[in-house]
Each structure stands twice: as C-alpha cells, then as structure tokens.
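Residue-level structural notes
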Amino acid sequence: LVWLLVLSLAWLGPALGGEDKDEEVIEEEEKEKKEDEVLSDEIKEEDNVLVLHEHNFARALSEHQLLLVEFYAPWCGHCQRLAPAFAQAATELRNESSPARLGKVDATAQTALATEFGITSYPTLKLFRDGNRTHPLAYTGRMDSQGIVRWMQRRAGPSATLLQDTDTIAAFINSQDLVVIGFFKDLRGEAAQAFFEVAAEMVDMTFGVAEAAELFQVYGLSADTVCLFKKFDERQTNFPVDPARGLDTAELTRVLRVHSLQLVMEFTNETSNQIFSAKIPHHMLLFLNKSSPEQLSLQDSFRAAAGGFRGEVRCPRGRVMEGGFGALQPQCPSFPAQVLFVVVDVTGHGADVLPFFGMTAADAPTLRLVRMENNRKYQMEQDNFSDSAIRAFIQAVLDGKVKPHLLSAEPPEDWDTRPVKVLVGKTFEQVAFDETKNVFVKFYAPWCPHCQAMAAAWEELAERYKDRQDIIIAEMDSTANELENITIHGYPTLHYFPAGPGRKMVEYKSTRDVETFSKFLENGGTLPEEPPVSEVRGQPPCPGLSPAPAG
C-alpha cells in the first residue's frame with residue numbers, strides 16, 4: 001500500500017504541478033493580452049462613443065474628419081450626468097451617417113493626453129477637425145443630446161442654406177418663426193465668411209445666404225445686409241454691414257440674440273434659455289397672477305414702456321442710437337441692449353424664482369429690475385404700472401440714482417451662541433468688519449451639494465476655535481441675504497476678514513478640509529500657492545443662483 005501510494009504521488013505530482021503551472025501561464029497570458037490591448041491602436045466603442053487613449057488617439061483623428069472628444073473623470077458627477085446624453089448624441093450622428101463622431105478619454109488615466117490638451121476640469125469637450133490636434137475647438141453648445149447633435153451638424157455641413165431665387169427664399173422665410181438671411185454681393189468676401197462663422201455657432205437659429213442681385217432688389221437692399229425675418233413684432237429687421245468696419249462676429253451674435261426675442265418675453269421653461277443667453281444686462285420684470293384679468297391688463301402699459309428700450313445702444317458721447325452694428329459709426333462702438341422686459345407668472349413657472357426676490361405670490365402685481373452683472377435688484381418705492389412711470393424708474397436705475405434693494409433674513413435668536421455664527425444681511429457688517437476679530441465666513445446655498453459636503457468640516461473647525469476670542473467662524477445663506485459690496489458668484493465661497501485697521505478681504509481657494517482651514521487661520525489667512533479647488537477636484541462650484549432670472 002505504501003508502495004502504491006508512492007507511485008500514485010509520483011504519477012500525480014507532475015500533473016498537479018503542471019496544472020499550477022498552466023494556471024500561472026494562463027494568468028500571465030491574460031495579463032499580456034490586456035497590456036497588448038492598452039498598447040494597441042485598436043478603437044473600441046461603448047454606446048457608439050469611441051473609447052480613446054494615448055495609443056489610439058492619433059488613429060481616431062486620422063479616421064474621422066470631425067471628432068468631438070469628452071475628457072472626463074469617472075468620479076465626476078457632472079460627467080456621469082452627461083454620459084447618457086453624450087451616448088444618445090453619438091448614436092444619432094452615427095445613424096444619420098454623419099462624418100461627425102464622438103469620443104471619450106478618461107483624463108485621470110490618460111494623463112499625457114490631459115496634459116497635452118490642458119484639461120483642468122471635467123467634463124471638458126473639444127472638437128478636432130481634419131486630424132489637427134494642435135488647435136482643437138472648445139465646445140460651446142448646450143450639454144444635452146440635441147444641443148450636441150445640432151452643434152456637430154452645423155460643423156459637418158454648410159452652416160447657412162444658399163437661397164438662389166424668390167420662390168426659394170420666400171419658402172425659407174415662411175418655414176420658421178424666425179430666420180436669419182445674409183445678403184452678400186460676394187459670398188467669398190470677409191463679411192460673408194464672418195456670417196458663416198456666426199451661423200455655425202448659433203445652432204438654435206436657421207441661417208440662409210443670398211447673392212443674387214434680384215433678391216437684393218426684392219427685399220429693398222442695396223448693400224451687404226443681415227436681415228432678421230420674424231413672424232412676430234417687427235417682421236423684417238435690417239442690419240447693414242458697415243463697409244469700413246466690416247462684420248464683427250461677436251457683435252452680430254449679440255444683435256441677433258437681442259432682436260430674436262419678443263419685445264416682451266414671458267418667463268417659461270421653454271423661454272428661459274433664450275432670455276439668459278441674450279446676455280442683456282438689465283431685466284425689467286412684471287410679476288403678476290395670470291388668473292387675474294385685472295393683473296393681466298397691466299401688460300399693455302408694460303409693453304408700451306418696452307418699446308423705448310428695444311435694442312438701445314449708447315454712444316460714449318452720450319447719444320442714444322437705434323439699430324444694430326451697421327447703424328453705428330466707427331467712432332461710436334455699440335454697447336449691449338439696455339433692458340429686456342419679462343412677464344413672470346407667480347402661479348406658473350415663475351413661482352420657482354420668487355424666493356430669489358424674497359417674494360411670495362401674494363406680492364403680485366409688482367415690478368423689479370435686475371442688473372444681471374451682479375444680480376442687484378431694484379424696486380420702486382411704490383409700484384406704479386403706467387408706461388411713463390416704468391420708463392422713468394428704469395432710467396433712474398441706469399443713471400445710478402436708485403439704490404439696490406438687498407435681501408436680509410432675520411437673525412436667529414441663538415445666532416451668536418453656536419460655534420458657527422449665523423450671519424444675515426442686517427448683521428454681517430457688525431461681525432465681519434469688527435477690527436478686533438479674524439472672521440472666516442462661508443457663503444453657501446442650502447441646496448448646494450458642495451456646501452453640504454463641507455458642512456461637517458466647517459462645524460468641526462468652529463468647535464476647534466470656539467474658545468479663541470480673536471477668531472470667529474461664521475456662515476451666511478446667500479440665497480436669503482445680500483450684501484452691497486460683496487457679490488457671491490458660486491457656492492460655497494469662503495472669505496476671510498483679518499483683524500486690524502485697513503484690512504482687506506481674502507478669498508480662500510484651497511482644499512476644503514479642517515486641517516487646511518486651520519493652517520490657513522494659524523498663518524493669518526495665507527497658504528502656499530495652490531490651484532483652485534474646482535481644478536484640483538475637477539468640480540466647479542455650484543452656480544450662484546438656482547433658480548433665478550440670472551440663470
């Protein structure tokens with residue numbers, strides 16, 4: 001039996017050892033296979049999106065005339081939300097046999113590509129054309145599937161339709177509520193090329209071009225002109241191209257944005273993007289309850305007042321001139337349109353923005369003017385809805401004769417007994433500007449996920465310094481409180497106010513953790529130079545308003 005056992009072991013031993021060896025060989029071969037896959041220039045796809053890395057990137061550029069690449073981080077929430085829309089856009093473009101394709105690069109793993117293309121935040125989208133990797137174009141469209149598709153379609157085909165006869169141009173004008181047609185005597189000239197550039201960017205409008213002399217005559221034109229045709233308000237608005245200045249793309253974009261809007265807009269889910277993308281610096285708002293006939297009638301005088309501010313531009317010499325870029329002389333460059341008039345239904349979509357103004361539906365009807373640059377809000381001492389009163393109020397604000405109306409909540413009874421002091425608009429200056437204290441303030445929004453993520457660290461910091469007489473840790477809800485000389489553009493924003501006379505506010509931009517906060521305080525409000533937190537983590541701060549007429 002012993003002899004048989006020995007023989008059995010002798011026979012089975014090599015076989016067992018060989019099995020272990022085979023497993024090791026298999027594992028090694030699989031590892032080598034994976035390495036070969038990474039090193040290969042083979043291009044794989046996920047949901048019709050090309051999966052790119054440093055070894056297949058050049059091949060992708062050579063094979064695809066138009067390639068929009070998303071540089072992403074797997075942990076980035078913004079990237080995760082974009083992924084379904086990006087995949088849907090890729091599928092639509094693939095199904096229509098477009099020369100445009102979409103690709104993606106994990107920028108956290110492909111660091112060489114991220115460095116080459118200057119990727120500092122996620123997601124970042126760049127368009128590569130004709131294999132050129134030295135000058136990619138930044139993506140400027142909407143971050144949804146239709147926005148991506150339309151943006152790519154404009155770059156894949158002609159950005160404007162050539163209109164050659166009267167029947168074609170008439171049908172083109174009637175095909176949409178709003179179309180833009182460039183009349184150019186030379187479609188190869190600089191002005192026409194600038195027009196094509198604008199058409200490629202403004203994917204939410206339909207563009208055409210005409211060169212035939214008979215079409216100039218039919219529409220009453222004698223020189224190069226950009227015409228806006230609408231089925232509302234003014235039916236045809238002409239913007240002659242100044243022969244000396246030519247056609248500036250930024251100026252044409254602004255003019256078209258402004259004049260594509262109705263004279264008085266209603267704030268709805270469908271129009272909100274139009275309202276804010278026009279970048280008009282002042283919004284005059286009429287809040288009303290549309291279920292009230294009496295309040296609805298106020299729209300008449302509101303519209304009458306709007307006519308005086310339509311497309312208004314101001315010359316440095318004080319003259320007010322009407323029209324677009326073509327109406328101005330070279331010595332009087334154009335300025336943005338002054339005021340956009342918007343009706344807000346407090347029982348409809350507008351109900352969401354009422355907290356931004358510190359209002360309730362019961363406050364309607366009422367008027368507010370918003371300076372979009374800093375979200376300052378202005379209101380009449382007593383609402384007067386006549387068109388003359390509205391015009392006079394707007395002019396007074398534009399002339400700097402009206403102070404902004406600042407929101408302030410009431411301070412909680414225990415605002416100064418907690419480790420984190422709770423500030424409101426009314427109490428901010430007496431605390432933050434106390435020259436005997438070093439005051440570190442967090443400006444936040446209750447809905448902001450970044451603010452929520454750092455809340456525990458801020459509380460722990462306050463606990464650490466609660467017995468220090470010279471240091472105050474505070475916070476202020478910036479959605480309910482406003483300050484005259486400090487504008488908060490994103491959340492959270494951290495400002496440090498050092499003790500002593502003549503002190504200057506310091507903005508904190510480093511890592512949001514207790515130890516770094518503490519180091520910052522112990523060093524008197526300074527830290528070694530570091531990249532902004534939005535770049536370090538790839539997550540930009542929450543936008544300053546949500547929801548609000550400033551977007």
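The structure presented is a predicted model; accordingly, all values stated were derived computationally and were not measured.

Some details on the sheet that holds strand S2 (residues 49-52)
Strand order across the open sheet formed by six strands is S1-S2-S4-S3-S5-S6, with mixed pairing between neighbours. The open sheet has two free edges, formed respectively by strand S1 (44-46) and strand S6 (137-138), since each of these has just one partner strand. As judged from the three bridges shared by S2 and strand S4 (residues 100-106), these two strands associate in the parallel manner. In the sheet register, Leu52 faces S4, and the bridge partner there is Val105. Along the sheet, helix H3 (residues 77-95) makes contact with S1, S2, strand S3 (66-72), S4 and strand S5 (124-129), crossing S4 at roughly 150 degrees. On the sheet, helix H5 (residues 145-156) packs against S3, S4, S5 and S6 and is oriented at approximately 145 degrees with respect to S3.

Quick word on the pattern of salt bridges
This structure, assessed with the given rule, holds 23 salt bridges. When the shortest N-O distance is used, the salt bridge between Glu116 and Arg133 registers 2.8 Å. Of the two residues, Glu116 sits in helix H4 (residues 111-116) while Arg133 sits in the loop between S5 and S6, which places them 17 residues apart along the sequence. With a shortest N-O distance of 3.3 Å, Glu475 and Lys442 are connected by a salt bridge. Within this pair, whereas Glu475 is found in strand S21 (residues 471-477), its partner Lys442 is found in strand S20 (residues 438-444), the two being separated by 33 residues in sequence. A relative accessible area of 13% places Glu475 in the buried class. Judged by relative accessible area, Lys442 falls into the buried class, the value being 4%. Residues participating in the shared-partner salt-bridge network are Asp41, Arg59 and Glu63.

Focus: the sheet that holds strand S9 (residues 206-210)
Strands belonging to one sheet form pairs held by backbone hydrogen bonds; the direction of such a pair is parallel or antiparallel. Overall, mixed pairing links the five strands, which are arranged S7-S9-S8-S10-S11 in an open sheet. At either end of the open sheet lies a strand with only one pairing partner, and these are strand S7 (161-163) and strand S11 (236-240). In this sheet, adjacent strand axes meet at a mean angle of 25 degrees when their direction is disregarded. As defined by bridge partners, strand S10 (residues 225-230) adjoins S11 across five bridges and the pair is classed as antiparallel. Directly across from Leu228, in S11, lies its bridge partner Thr237. Where helix H7 (residues 190-201) meets the sheet, it contacts strand S8 (178-183), S9 and S10, and its direction lies at approximately 160 degrees from that of S9.

Description of unusual backbone geometry
For the bond from Ala364 to Pro365, the omega torsion is 0 degrees, close enough to zero to count as cis. Relative to the helices and strands, Pro365 resides in the loop between strand S16 (339-345) and strand S17 (366-371). Following Tyr491, the chain continues to Pro492 via a peptide bond in cis, the omega torsion being -10 degrees. With respect to the helices and strands, the residue Pro492 is situated in the loop between strand S22 (490-491) and strand S23 (493-497).

Here we look at the packing of aromatic side chains
In total, this model carries 31 aromatic pairs according to the counting rule given. Plain terms: the ring middles of Phe183 and Tyr219 are 5.8 Å apart, the flat faces sit at 45 degrees to each other, and that makes the pair tilted. Of the two residues, Phe183 sits in strand S8 while Tyr219 sits in the loop between helix H8 (213-218) and S10, which places them 36 residues apart along the sequence. Take Phe183 and Tyr219: they sit in the same class, and that class is buried.

A few points about the environment of Ala409
Inspection of the secondary structure puts Ala409 in the loop between helix H13 (387-398) and strand S19 (420-423). Considering only alpha carbons, one finds Ala409 and Lys426, 17 residues apart in sequence, at a separation of 7.8 Å. If sequence neighbours within four positions are ignored, Ala409 has contacts with Val424, Lys426, Ala480 and Asn481.

A few points about the pairing of S10
Burial analysis of S10 places six of its six residues in the buried class, the great majority of the element. Here S10 shows two buried faces, one formed by Thr225, Cys227 and Phe229 and the other by Val226, Leu228 and Lys230. Direction of pairing for S8 relative to S10: antiparallel, over a ladder of six bridges. Residue pairing in the sheet places Gly182 in a bridge with Val226 of S10. Between S10 and S11, which pair antiparallel and follow one another directly, the connecting turn spans five residues, one of which, Asp233, has a positive phi of 50 degrees.

Rules and cut-offs
- Residues numbered from 1 in each chain as written.
- Predicted model: local features only at pLDDT ≥ 70, side-chain atom pairs only at ≥ 80, totals over all residues.
- Heavy atoms only, no water.
- Pairing = 2+ DSSP bridges.
- Helix = DSSP H or I, 4+ residues; strand = E, 2+ residues; numbered from the N terminus.
- Contact = heavy atoms within 4.5 Å.
- Axes fitted to C-alpha atoms, helices over the stretch in contact; angles between N-to-C directions.
- Salt bridge = Lys/Arg side-chain N within 4 Å of Asp/Glu carboxyl O.
- Buried < 20%, exposed > 50% of the residue type's maximum accessible area, 1.4 Å probe, protein only.
- Phe/Tyr/Trp six-rings, centres within 6.5 Å; stacked < 30°, edge-to-face > 60°.

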